[in-house]
Amino acid sequence: MKSPHRLSRRGFCLCCVSAAAAGAWLTPRQANAEALGIVEGIKAEAAKSPIAIHRLRDNISVLEGSGGNVAVLNGPDGKVMVDAGIAVSRPQMEKALAALGPEPVTHLINTHWHFDHANGNGWLHELGPEIVAHQNTAKRLTTMQRVEDWAYDFEPLPAAALPKVLFADEHGLQLNGTTLNLRYFGPAHTDSDIGVSFVEPDILHTGDTFWNGVYPFIDYSTGGSIDGSIRAAETNLARVTEHTIIIPGHGRPVSNRAELQAFRDMLAGIRANVAALKKQKMSLEAIVAAKPTAAYDAIFGQFVIGPALFTKLVYEGV
Ligand SMILES: [Zn+2]
């Protein structure tokens, strides 16, 4: 059962998944060791994983295999990337970008500061794109960041790789005949999350405010919370229709409103269950043992964030 860094195609450490699926509760020391395995495991997997290209509509594609799902809008104005993936996948990412056409990368948008979305800035900035993000993303990437639930310290990015075009609430771009609308969620998964709407093609990249079909990570160390995550899911629901193609931060990369609704309902359902148990003054360990996620585990509990860890993440915020 215990084979460290045994990874799924989708880039996460299956040893953690199996521990969670077995209902094992980890001591803080063990949990930290497992969490450390997650970050290193994600990097190791990205280093060797091929990048799959999913073509959507109006010259927009999703690249899957380097941390978070990366969207690319291509055209005469150059390539516009939403998220950068992880730097170790540079050879595969270069190959995937070349497969979309010879146009240079002229714009790079970071949906938030996490390494599996912004670490690739470290090489992509050499191509000279304008790098756009919420102001908190730049702030987080400028200094060392400790993520307690991953027991990990993230180094800052070099100055040249930092986003330079920053905004607080909303930012617009008009490129390749497409209107891009970038909007801040407020604190949600972190304190730096934005969604990116491609208006005419009706495609929304949610960043990590939506993990399709899997329990999400919530980063309390940098401003995330369960309530912020639920609010962001509801904001996303209000912005999409049955026609919208939704690109989640993680999970199956081409999604829709029904799957987003299921994700929001899962968050709200587990929040209610955990809050009710915490109100009875039950310990975290007892709450995990009571399996407040049970109704959702078969669908959402099969990935990097297992039922026990997700219960802890909800417990922290209710
Ligand atoms: Zn994230």
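Source: prediction; values computed, not measured. Every chain is numbered independently, its residues counted from 1 as its sequence is written. Residue-level local features of this predicted model are given only where pLDDT is at least 70; pairs of side-chain atoms are given and counted only at 80 or more, and the full residue set underlies all totals for whole chains, interfaces and linings. Processing note: side-chain calculations cover all non-hydrogen atoms of the structure and skip hydrogens and water entirely.

Student: Any details on the environment of leucine 73? Residues and values, ideally.
Tutor: Position of leucine 73 among the secondary structure elements: in strand 3 (residues 70-73). Here the term buried applies to any residue with accessible area under 20% of the maximum for its type, exposed to any over 50%, and partly exposed to those in between, with areas from a 1.4 Å probe on protein chains only. By relative accessible area, leucine 73 is classed as buried at 0%. A sequence separation of 103 residues divides leucine 73 from asparagine 176, and the C-alpha atoms of the two residues are 7.8 Å apart. In contact with leucine 73, not counting residues within four places along its chain, are Asp58, Asn59, Ile60, Gly78, Lys79, Val80, Leu175, Asn176, Thr178, Leu180 and Phe198. The numbering of helices and of strands both runs from the N terminus, where a helix is a DSSP run of H or I of at least 4 residues and a strand a run of E of at least 2. The contact criterion used is simple: two residues touch if any of their non-hydrogen atoms lie within 4.5 Å.

Student: Let's hear about unusual backbone geometry: which residues, and what values?
Tutor: Even without a glycine there, the phi angle at aspartate 58 is positive, about 55°. If you trace the backbone, aspartate 58 turns up in the loop between strand 1 (52-55) and strand 2 (60-64). Classification of aspartate 58 as partly exposed rests on a relative accessible area of 48%. Backbone geometry places aspartate 83, a non-glycine residue, at a positive phi of 80°. In this fold, aspartate 83 is placed in the loop between strand 4 (79-82) and helix 3 (90-99).

Student: Can you explain the pattern of salt bridges? Please cite residues and give values.
Tutor: Salt bridges are counted wherever a side-chain nitrogen of Lys or Arg sits within 4 Å of a carboxyl oxygen of Asp or Glu. Counted according to the given criterion, the structure contains twelve salt bridges. Ionic pairing is found between lysine 48 and glutamate 45, a salt bridge with its closest N-O pair at 3.3 Å. On the criterion of helical spacing, the pair formed by lysine 48 and glutamate 45 is a turn pair, its members being three residues apart in helix 2 (residues 28-48). Looking at lysine 48, the relative accessible area reads 60%, which means it is exposed. The salt bridge involving arginine 264 is made with glutamate 234; its shortest N-O contact spans 2.9 Å. Note that arginine 264 is positioned in helix 8 (residues 257-279) and glutamate 234 in helix 7 (residues 226-239), a separation of 30 residues in sequence. For glutamate 234, a relative accessible area of 34% gives the class partly exposed.

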